[in-house]
Amino acid sequence: MNVHAVVYTPDGVERYDELDAAVSAPGETWIHASAADPTAMNALSDRFGIHQLAVEDVLNEGTRPKTEEYETHTFVLMKTTQLSQRDEIEFHKEVQTSSVGFFIGEDWLVTMSTGVDAVIDPTAAEWDRNASRFADRGTDFLAYRIMDGIVDDYFDLLDEIEDDIEAVEEQVLEEPDPQILEVLNDVRRDLLAFRKTAWPAREAIAYLSRGDIPQVADANEKYFRDVYDHLVQVVDLIETYRDLTSGSRDIYLNTVSQSTNDVMKTLTVVATIFIPLTFVVGVYGMNFADSPFAMPELYWTYGYPAVMIGMAILAGMLLVHFRRQNWI
Amino acid sequence: MNVHAVVYTPDGVERYDELDAAVSAPGETWIHASAADPTAMNALSDRFGIHQLAVEDVLNEGTRPKTEEYETHTFVLMKTTQLSQRDEIEFHKEVQTSSVGFFIGEDWLVTMSTGVDAVIDPTAAEWDRNASRFADRGTDFLAYRIMDGIVDDYFDLLDEIEDDIEAVEEQVLEEPDPQILEVLNDVRRDLLAFRKTAWPAREAIAYLSRGDIPQVADANEKYFRDVYDHLVQVVDLIETYRDLTSGSRDIYLNTVSQSTNDVMKTLTVVATIFIPLTFVVGVYGMNFADSPFAMPELYWTYGYPAVMIGMAILAGMLLVHFRRQNWI
Amino acid sequence: MNVHAVVYTPDGVERYDELDAAVSAPGETWIHASAADPTAMNALSDRFGIHQLAVEDVLNEGTRPKTEEYETHTFVLMKTTQLSQRDEIEFHKEVQTSSVGFFIGEDWLVTMSTGVDAVIDPTAAEWDRNASRFADRGTDFLAYRIMDGIVDDYFDLLDEIEDDIEAVEEQVLEEPDPQILEVLNDVRRDLLAFRKTAWPAREAIAYLSRGDIPQVADANEKYFRDVYDHLVQVVDLIETYRDLTSGSRDIYLNTVSQSTNDVMKTLTVVATIFIPLTFVVGVYGMNFADSPFAMPELYWTYGYPAVMIGMAILAGMLLVHFRRQNWI
Amino acid sequence: MNVHAVVYTPDGVERYDELDAAVSAPGETWIHASAADPTAMNALSDRFGIHQLAVEDVLNEGTRPKTEEYETHTFVLMKTTQLSQRDEIEFHKEVQTSSVGFFIGEDWLVTMSTGVDAVIDPTAAEWDRNASRFADRGTDFLAYRIMDGIVDDYFDLLDEIEDDIEAVEEQVLEEPDPQILEVLNDVRRDLLAFRKTAWPAREAIAYLSRGDIPQVADANEKYFRDVYDHLVQVVDLIETYRDLTSGSRDIYLNTVSQSTNDVMKTLTVVATIFIPLTFVVGVYGMNFADSPFAMPELYWTYGYPAVMIGMAILAGMLLVHFRRQNWI
Amino acid sequence: MNVHAVVYTPDGVERYDELDAAVSAPGETWIHASAADPTAMNALSDRFGIHQLAVEDVLNEGTRPKTEEYETHTFVLMKTTQLSQRDEIEFHKEVQTSSVGFFIGEDWLVTMSTGVDAVIDPTAAEWDRNASRFADRGTDFLAYRIMDGIVDDYFDLLDEIEDDIEAVEEQVLEEPDPQILEVLNDVRRDLLAFRKTAWPAREAIAYLSRGDIPQVADANEKYFRDVYDHLVQVVDLIETYRDLTSGSRDIYLNTVSQSTNDVMKTLTVVATIFIPLTFVVGVYGMNFADSPFAMPELYWTYGYPAVMIGMAILAGMLLVHFRRQNWI
C-alpha cells in the first residue's frame, strides 16, 4: 500500500507503513495521500471513517472550498491555484485549481491532494526539522501551516494578475489596440474564476476560527483568524482589480472615440478649405461665351492673381477659425 | 385507478394497486403519479392528507421551487429544466421547466410530475436493482436520489448555455454581426429564467439540510447538503456566465466603433490627398486669358511635369504624415 | 348612514344597517365602506377603535402597503393597481394605484377602499353563494380571498407591461426609432412605480403568514404564504422585465451605431472611388499648352479609351479591396 | 440669559425665565434655544446633564442624524433641508441642511437648532392653542410633532427636485443641449446629498419607534412609526429619481449619436449623388483631341441632353436606393 | 533600550525608563514605540504578553484595521493615511498608509507605529498638559484621543481628494482632454485604496463601542461611538465621491461625442453646399460642341449671372435648411 504516515512526538519524527500502528503511537499523526491512488483512498476512508461524499468532493474539480463537521473529524476542502497559459496566444491565461482535502481528527491529520505536492512539501520539511518543538501544538496547527502556505500562493497569483493589468494599462496609453478588450475580458474571467475559489475559502476558514470546532484548540484559533484576514484581503484585492480593469476599458474605448474624432477633424479641415476653393476654380473653368456679364476678370491683367489671393484669404480665414475651434 | 405504488423492503420490491395496502405494508412506499391525471391526484390527496394548495403549486407552471412543512409530511417542489428551440431561428432558445412535487412522509414518498418522467426513471431502475440494500435508508434518501438527478441535469443545461456563449465569443472575434446582440440578449434571458429556478431551489434544499425537518433522517442530511453545494455552484456559474456575456457585448460594441474608425480613416486619407490635388488641377483648368500674371507655367515646356511632380511630392508628404499617425 | 354590514353564519347571509347589531350577531361580520365617505369612516373608527393614523394611511395615496398590529385588530394596507394611458401618445402609460385597507378583528373585518370596488365584488358574490360553507373559516380567510384577488390583478398588469416590452423589442428589430428610448424609459418608470407597491406588499403579507398575528388562524396561515409566494414571483418578474428593457436599449443604441457605420461605409466607398477619378479627369482638363511633356496622350488616337480603361481598372481594384474588407 | 421655557399643563401655557422653576413646575416643559448662543447652551447642558459631545454634534454641520440614549434623556439629531441656488447659473442648486437637536427627558424637552426656526414655529403655535388638550400626551408627542414637520418639508424638497427633473426631461426631448449633462449631474449630486440626510434619519426614527426608549410612551410609538413610514417613502423616492436621471441621460446621449447619424446621412446622400456626377462632367471637360475614340457624343446634336438625362437617371436611382434604406 | 514609558497620575506626569517600574507605578501607563526598533518590540511583547502575530500585523503594511481581544488586553490596528505624489506627473497621487497598533490593557496602553509620529504627538502634548485631569479617564480614553486624531486626518485626505475631483470637473467643462480619464481613474483608485482602510476601521471601532470589551469603560463607549459615526461619514463620502467621478467621466465622454458631432456638422454643411455647386460649374465646363440642345445659356448675354444667381439661391436655401435643423 502506498500510504506513509508520519508521527511527530516531542522526541522526534517517526515514520510508519501501517496506519493502525501510526494512529495508536503517541504523538501527532500526519498522513498525506495523492487523491489519484484509489487503494490509498479506500484504506484511509475505512480507517478514519471518512465519508465517501467527502472523498468525492476532493476528487471533483468543481467543488468549492468548504468546511464540514463529521462525528470524529472536521473536513476542510481548500484549493491551490495557478495561472497557466491557455493557448499559445500571449495573455490568454487561465486560473487552474487543484483540491487539497484536510481531515482533522483529535490527534491525526489526513491530507489528500489532486495536484502536485509543491504546496505540501515546505511544511513537511519544516515539521521534520522542528518535530520536537511543534509536536505539542497539535495537528490543527499543522493544518494551519499548510493552509497558510496555500493562501500565501494566492497572493503570488494576484501579483501575476496585477502584472497583467499593469501591462494592459501601459499598452492602453501607449499603443491602443482592439485586442486589449479581449485581454481585459480574459483578466476579468481569471478574477471571476479566482473569486469562485477565494470567496468560499474565506467562509471555510471563518468556520474554523469561530471556536465551534472541537478539533481546533482555542490557542490555535487565532492562527486561523490570521488566515481568514489574509483571505479577506484576497477578496478585497480581487474587487479592486476588477474595478481597475473597468477603468482601463473606459480609457481604451475612449481612445477609439478620440481617434475617430481626430480623424474627422483632419478630414473636415481639409475638405472645408478645399471644397469651396475647388468650386471657385470650377467657376473660372466654365465655357461661357465672352460677354460683359460673364466673368470679365478672366480678361483682366491681374485677374488671376486677384482670384488666387482671394482664395488664399478665404483659406486663411478658415484656418484661423479652425485654430480657434482647437481643431488644428 | 392509475396509481401504482412500489414498496421497497429488505426482502425486495413489491408492487401494489391499492394505496392503503401499500402504505400499511412494511417497508418504504413510493408512489409516482403524473400530475395530468386528476383522479390519481385526488386519490393521493385524500389518502395522504396532501393540501389542495400544494397540488395546485405542482400544476401551476409559475410556482417557484420551495419547501413547505405540513403536519404529516414535507412538501418539496423542484423543477426540471431543458433548453428548447424557441422558433426556427438558430440560437433562439428558451428555458422550459416542468415541476416535480415531492411529498416526503415518515415511510412513504409521493412524487408528482407535470413533464416527462425521464428524470424519475433512472432512480426507479436503480432502486429496483438495489431494493434490499436501499430499503433501510428511508424515503428521504429516495427523494435525495431523484433531486440529485434533477440538479445534475442543471449542469447539462449550463453546459449547453456555455456552448452558446463560446459560439458567440468566437463569432464576435471572427465575424461580428449586429445579430450577435440579439443572441447575447437571448442567452441573458435564458440565464435569468434559469436563475429564477435555481435560486429558490437552493433555498428549498437548504431547508432540507438544516436538520429541522422530521422526515429527513440526521444521517441523510449530508446528502442534501451535497445537493445544496451543487446548487450554490449552479447559481455561481449563472452569475459568471452573465458577466461573460457582458464582456462579449463590450467587445462587439467596440468592433462597431473600431470599424467606423477604420472606415473614417480610409475616407480621410483618400479625401485629404485628392481634394487638394483636384483643386490644383482645377486651377490649371481655369480659362484666364493669356497674361504674364495668369499661370505662365501653362506655356512652359516643363510646366506640366513640374506641376505633376509638385502634386506627387504633396501627396507623398501627406502619406508620410498619415503613416506616422498610424492611420495607414 | 351609508354603512351596510354583512354577517356570514352557517345558516346563511344576513345584512344589517346597524353596526352594533351586526357585530353582536353570531357569525363573521364584514363591513365595507368607501373611504370617500367621511361619515361612514367616523362611525367605523368609533365602533371598532380604528386609529385615525390608519384611516389617514388609507386615504393618503402615497402610503406604502404595510401590516400593523393594534390592540383589537390587525391593519393591513394593500394597493390595487392599473395601467392607464397618461396622455394621448401611444405607449405613455402610468401605473395608478388605489388603496384598500383591511382591519381584521376577532370575528369582524372592516375594509375601506379609495378606488372602484371591482376588486371586492367577486369575493362578495362568492361569499354570498357560499356563506354557510365559508362562515367557519373566519374573517381572516375572507381577507385572504380579497388580497388574493388583488395580487392576481398584479399579474394582469405585469402581462400588460410584458406586452409593451415585446412590442418594443419587435419595433427595435424591425423599425428602430429614437422614440423607442422614451418608451423604454416609460416602461422602466412603470416597473419602478409598480415595484414600489409590490415590494412592501410582499413584506406586509409575509408578516401575516409568520404566525405572529392572533387574528390569523394557524390553519389559514398557509393561504397567506401562498399570496406571499405570488408576490415573490411578482417582484422577480419586475426585475426580469427591467433587465429585458436594458437589453432592448442596448440593441437599439447599437442599431444607431451600426447605422452610422453603414452610412459611413457607403460614403467612403463612393468617395474613395470617385475622388481620385475626378482628380484624373481634372488633370486632362488642364489648359497646358501643347508640348511634348504636357499630356501627349490627349493627342493619341486611343488616348481617351486608354485613360477610361485605366480609371475603370483603378475603380475595379478599389471595389475588390472594399469587398474584401466586407464594406460592400 | 436667553433661554425661555414653556410649560404646558392641562390648565394652559405658562412661560418661565428660570430653568429650575420651569422644570419643577407640574406639566410638560419645552425649552428651545438657538445653538448659536453659547451661554444658553451651557446653561442647558448643566441643568439637564446634556453631554458636551451631543452639543457638538448639533453644532457640527457634518454630523448625520442619529438617536443616542443617555442616562436621563434621549438625544435625537434631525436635519432640516432646503434647496438653494448655488450660484447665478440656473439649475445649479445645492441641498443645504441645518441641525435640530432633540433632548427628550421624562417630562421635559430641550430643542436646539442651528438654522432658522421656521420649522419650529408652527408646532409652537399649535401647542399654544391646544395646550390643555396636548399636555397629557407628553414631550415625546411634542418632539414627534416637530419631527413630523421636518419630514414633511423633505417632501417639499423632493417636489422641487422632481420639478427640476421634469424640466430636464422636457428639455432633453425638445432642445437637447450638452449642458443637460451638467444639470443632471447636479440633480444627482443633490439626491446624493439628500440621501446622506434621509437615510440616517430613517434609522434614527426607527430607533424611537421600536419601544426601547423609556422616554417614548407606548401609546406614542405609532406616531414615530408613521414618521418612519414617511422616511421610507423619502428614501424610495430618492432612488426612483436617481433612476429617472439615468434614463434622461441615456436619452440625451442617444440624441447626440442620433444627430451624428442624421448629419452623416445628409452628407452621404449629397456626396454619393454628386461626386459621381461631378466625375462625369469632369470627363466631358477633358481636352482630348478630336478622334473617333474620344467622346464622339460631344459632337452629337443630342449628346448634351443624353448625358444630362443619363445623370438624372443615375441620381434618381440613387435617391430611390437611399429612400429604401430609409436615409431620406 | 529605547522604550520610554509615561505614567499619568492625578499628581502629574512621570517618565520611566524601566517598563516594570512604569507598570507597577500607580496611574495610567502609556508606552509608545516605533515598530522599526526590534529590541523595543521584543521587550514590549515579553512584558505585556503581546502575541507575535499581532506585532506582525502592525509591521505588515497589507494588514487591514481590526480589533482583536487577547486575554490581558485588546489589540486595535489603525492606519494613518496620506496622499503622496506617485511620480512627477501632476495628479498622479497615491494613498499611502502606515500602521498604528494599540494594545489597551487594564491600566496601560502600548502603541506601536510604523510611520512618522506626527499623529501621536498632539495627543502626547495634550496629556502632558492635562495629566492630572485626564488620569482618571483611563488608557482607553487616551487610545480614543489618538484614534480620533487619526480619523480626523481622514477628513483632510478626503478634502484633498475632493479638491482633485473639483479640479477635474472644472477642467472637463473648460478644457476637455483625453488625459482626464486617466486622472479620474487615478482618483477612483485612490478612493478604492482609501475605502480598503476606512471600511475595516469602521468595523474595528464599532467593536470597541459595543460594550463587549472589558478594557473600555462604559463611560467611554460613547466616545468610540463618536469615532464610529465619523467613520460612517468617511465611508459615505467615499461612495459619494466615486459617484461624482462617474458623473465627470460621463460628461467628458459626451464632450468627445459632441465634438465629433460638431465636426461632422461643419463638414456636412460645407460639403452639402459646395459639392452640388461644383457639379453645376463642372457642367458648364464640358466641351460639348455648339448645338441648340447643348447649353445655349453659355451664349446668352445674361447666362453667367443667371447661373451664378441660381447657385446662390440654391446655397441660400440649403443654409436656411441647415439653420432650421440647428446645424449652424
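Our subject is the structure that appears above.
Residues numbered from 1 in each chain as written. Chains lettered and ligands numbered in written order. Predicted model: local features only at pLDDT ≥ 70, side-chain atom pairs only at ≥ 80, totals over all residues. Heavy atoms only, no water.

J.: Would you mind showing me how to read the interface of chain E and chain D here?
T.: Interface size is often expressed as the accessible area that is lost when the parts come together. Taken together, the contacts link 45 residues of chain E with 51 residues of chain D. Taking both sides of the interface into account, the surface hidden between chain E and chain D amounts to around 4,200 Å²; carbon and sulfur atoms contribute 66%. Its largest share of buried area at the contact with chain D, chain E owes to E:Phe279, E:Phe288 and E:Phe293, together 15% of the area lost on that side. The tally of links between chain E and chain D comes to seven salt bridges. We note a salt bridge from E:Asp229 to D:Lys66, for which the minimum N-O separation is 2.6 Å. Secondary-structure elements contributing two or more residues to the side of chain E that touches chain D are α5 (139-174) and α7 (218-283) of chain E. (Contact = heavy atoms within 4.5 Å. Buried area = accessible area lost by both parts, 1.4 Å probe. Salt bridge = Lys/Arg side-chain N within 4 Å of Asp/Glu carboxyl O. Helix = DSSP H or I, 4+ residues; strand = E, 2+ residues; numbered from the N terminus.)

J.: Can you help me understand the interface of chain A and chain B in this one?
T.: Counting from both sides, the interface comprises 51 residues of chain A and, opposite them, 45 residues of chain B. Both faces considered, chain A and chain B share a buried interface measuring about 4,200 Å² in area, 66% of it formed by carbon and sulfur atoms. Our count for the chain A to chain B interface comes out at six salt bridges. Across the contact surface, chain A and chain B share 14 residue pairs in polar contact (both at pLDDT 80 or more). Elements represented by at least two residues in the side of chain A that touches chain B include exactly α3 (52-59), β4 (66-69), α6 (179-209), α7 (218-283) and α8 (303-324) of chain A. No other element matches α7(A), which puts 19 residues into the side of chain A that touches chain B. Across the side of chain A that touches chain B, the residue classes tally to 27 nonpolar, 12 polar and 12 charged. (Polar contact = N/O pair within 3.5 Å; in protein donor to acceptor, adjacent residues only side chain to side chain. Nonpolar A, V, L, I, M, F, W, Y, C, P; charged D, E, K, R; others polar.)

J.: So what exactly am I meant to see when it comes to the relation of the copies chain A and chain B here?
T.: Turning one copy of the chain about an axis and sliding it along that axis gives the other copy, so a rotation and a shift relate them. Relative to chain B, chain A is turned by 72° and slid 0.1 Å along the rotation axis, the superposed coordinates differing by an RMSD of 0.1 Å. Here the transformation between the copies is reduced to the relation of a five-fold axis. Minimal C-alpha separation from the rotation axis in chain A is found for A:Gly285, amounting to 4.8 Å. A share of only 16% of the interface residues of chain A reappears at the interface of chain B, consistent with the copies meeting through non-equivalent patches. (Least-squares fit on C-alpha atoms with pLDDT ≥ 70 in both.)

J.: Would you take a moment to explain the packing of helix α7 (residues 218-283) of chain C against helix α8 (residues 303-324) of chain C for this structure?
T.: Residues and elements named next belong to chain C. At a minimum axis distance of 10 Å, the contact between α7 and α8 shows a crossing angle of 160°. Judged by the inter-axis angle, α7 sits roughly antiparallel to α8. Relative to α8, α7 is oriented so that their crossing is right-handed. Contacts between α7 and α8 involve Thr-268, Val-269, Thr-272, Ile-273, Pro-276, Leu-277, Val-280 and Val-281 from the former and Val-307, Met-311, Leu-314, Ala-315, Leu-318, Leu-319 and Phe-322 from the latter. Taken together, the residues of the contact of α7 with α8 break down into 13 nonpolar, two polar and no charged. (Axes fitted to C-alpha atoms, helices over the stretch in contact; angles between N-to-C directions. Parallel < 35°, antiparallel > 145°, perpendicular 65-115°, else oblique. Left-handed = near helix turned anticlockwise from the far one by under 90°.)

J.: Just checking my understanding: could you explain the sheet that holds strand β5 (residues 74-85) of chain B for this structure?
T.: Residues and elements named next belong to chain B. Strand order in this open sheet of seven strands is β2-β1-β3-β7-β6-β5-β4, and the pairing throughout is mixed. If you trace the sheet from one side to the other, it starts and ends with β2 (12-16) and β4 (66-69), each paired once. Here the strands of the sheet are splayed against their neighbours by 20° on average, with no regard to which way each runs. Pairing of strand β1 (residues 4-9) with β2, which is carried by five bridges, proceeds in the antiparallel orientation. What sits directly across from Val-7, in β2, is Glu-14. (Pairing = 2+ DSSP bridges.)

J.: How should the arrangement of the chains be read in this particular structure?
T.: Where chain A comes nearest to chain D, the C-alpha atoms are still 9 Å apart, and the two do not contact one another. Left apart from each other, chain B and chain E have a closest C-alpha approach of 9 Å.

J.: Looking at this structure, how should I read the packing of α6(A) against α7(A)?
T.: Relative placement of two packed helices is described by the angle separating their axes and the distance separating the axes. Residue and element names in this part refer to chain A. Contact pair α6 / α7: the axes reach a minimum separation of 9 Å and the direction vectors enclose 160°. The angle between the axes of α6 and α7 places the two elements in the roughly antiparallel class. Every pair of crossing elements has a handedness; the one defined by α6 and α7 is left-handed. A class-by-class count of the residues in the contact of α6 with α7 yields 24 nonpolar, four polar and eight charged.

J.: I keep staring at the nonpolar core and nothing clicks. Help me out?
T.: Across soluble globular proteins, nonpolar side chains have a tendency to be buried as a group. Counting 120 residues, the largest nonpolar core has A:Phe288, B:Phe288, C:Phe288, D:Phe288 and E:Phe288 as its most contacted members. Sequence-distant contacts of C:Phe288, that is, excluding residues within four places in its chain, are made with B:Tyr284, B:Glu297, B:Leu298, B:Gly303, B:Tyr304, B:Val307, C:Ala294 and C:Met295. Counting 52 residues, the second-largest nonpolar core is a separate cluster that includes E:Val6, E:Tyr8, E:Tyr223 and E:Ile238. (Core = buried A, V, L, I, M, F, W, Y, C linked by side-chain atoms within 4.5 Å. Buried < 20%, exposed > 50% of the residue type's maximum accessible area, 1.4 Å probe, protein only.)

J.: What should I look at first to understand the sheet that holds strand β2 (residues 12-16) of chain C in this one?
T.: Note on sheets: strands pair through backbone hydrogen bonds, and any given pair is parallel or antiparallel. Residue and element names in this part refer to chain C. Spatially, the seven strands line up as an open sheet ordered β2-β1-β3-β7-β6-β5-β4, and their pairing is mixed. Two strands in the sheet have a free side with no partner beyond their single neighbour: β2 and β4 (66-69). Shown here is a sheet whose adjacent strand axes are inclined to one another by a mean of 20°, direction ignored. As judged from the five bridges shared by strand β1 (residues 4-9) and strand β3 (residues 28-34), these two strands associate in the antiparallel manner.

J.: Honestly, the relation of the copies chain E and chain D in this entry has me stumped. Any pointers?
T.: Between chain E and chain D, the superposition needs a rotation of 72° and an axial shift of 0.1 Å, giving an RMSD of 0.2 Å. When you check the interface residues of chain E against chain D, a mere 18% turn up at the interface there too, and the two sides of the contact use different surfaces.

J.: Sorry if this is basic, but what is going on with the pairing of strand β5 (residues 74-85) of chain C here?
T.: Within a regular strand, side chains alternate between the sheet's two faces. Residue and element names in this part refer to chain C. Among the 12 residues of β5, 10 are classified as buried, and the element is accordingly described as predominantly covered. Counting the residues between successive antiparallel strands, the hairpin from β4 to β5 contains four residues. As paired strands, β5 and strand β6 (residues 93-104) are joined by 12 bridges and run antiparallel to one another. Opposite Phe-75, over in β6, you have Phe-103 as the bridge partner.

J.: Please clarify how the packing of aromatic side chains should be interpreted in this entry.
T.: The description of two aromatic rings rests on the distance between their centres and on the angle between their planes. Under the counting rule described, the total for this entry stands at 70 aromatic pairs over all chains. With centroids separated by 5.2 Å and ring planes inclined at 35°, the aromatic side chains of A:Tyr284 and B:Phe288 adopt a geometry described as tilted. In this pair, A:Tyr284 is assigned in the loop between α7 and α8 and B:Phe288 in the loop between α7 (218-283) and α8 (303-324), connecting two distinct chains. Residues A:Tyr284 and B:Phe288 agree in their burial class; the two are buried. Site record: aromatic cluster; members linked through ring pairs are A:Tyr8, A:Trp127, A:Phe141, A:Tyr144, A:Tyr223 and A:Phe224. Here C:Arg137 stacks its cationic end above the ring of C:Phe141, 4.6 Å away from the centre of that ring. Looking at D:Arg47, its charged tip hangs above the ring of D:Phe48, at a distance of 5.3 Å from the centre. (Phe/Tyr/Trp six-rings, centres within 6.5 Å; stacked < 30°, edge-to-face > 60°. Lys NZ or Arg CZ within 6 Å of the ring centre and 35° of its normal.)

J.: Before we go on, may I ask you to explain a nonpolar patch on the surface in this structure?
T.: Residue and element names in this part refer to chain A. Together, Ile-309, Ile-313 and Met-317 give the surface a local cluster of nonpolar side chains, amounting to about 320 Å² of exposed area. Mapped onto the elements, Ile-313 comes out in helix α8. Note on Ile-313: relative accessible area 49%, which makes it partly exposed. (Patch = residues over 30% accessible without salt bridge, like charges linked within 9 Å, V, L, I, M, F, W, Y side chains within 5 Å. Areas by Shrake-Rupley, 256 points an atom, 1.4 Å probe, with all protein chains shown as cover.)

J.: Sorry if this is basic, but what is going on with a negative patch on the surface here?
T.: A cluster of like negative charges, contributed by A:Asp152, A:Asp153, A:Asp156, A:Asp159, A:Glu160, A:Asp163, A:Glu166, A:Glu170, A:Glu174 and A:Glu175, occupies part of the molecular surface. Inspection of the secondary structure assignment puts A:Glu160 in helix α5 (residues 139-174). (Lys, Arg positive; Asp, Glu negative; His and termini not counted. Charge placed at Lys NZ, Arg CZ, Asp CG, Glu CD.)

J.: Please explain the environment of C:Asp250 as it appears in this structure.
T.: Examined against the element boundaries, C:Asp250 turns out to sit in helix α7. Each C-alpha atom, one on C:Asp250 and one on C:Lys79, is 33 Å from the other, the two residues being 171 residues apart in sequence. Those residues in contact with C:Asp250 that sit more than four places away from it in its chain are B:Leu181 and B:Arg249.

J.: I keep staring at unusual backbone geometry and nothing clicks. Help me out?
T.: Most peptide bonds take the trans form, and the phi angle of most residues other than glycine is negative. All names here are of chain C. With a phi angle near 50°, Met-295 is a residue other than glycine that sits in the positive phi range. Along the chain, Met-295 turns up in the loop between α7 and α8. Unlike most non-glycine residues, Asn-326 shows phi in positive territory, near 70°. Along the chain, Asn-326 falls in the segment after α8.

Purely geometric stuff here, so don't read any function into it on its own.
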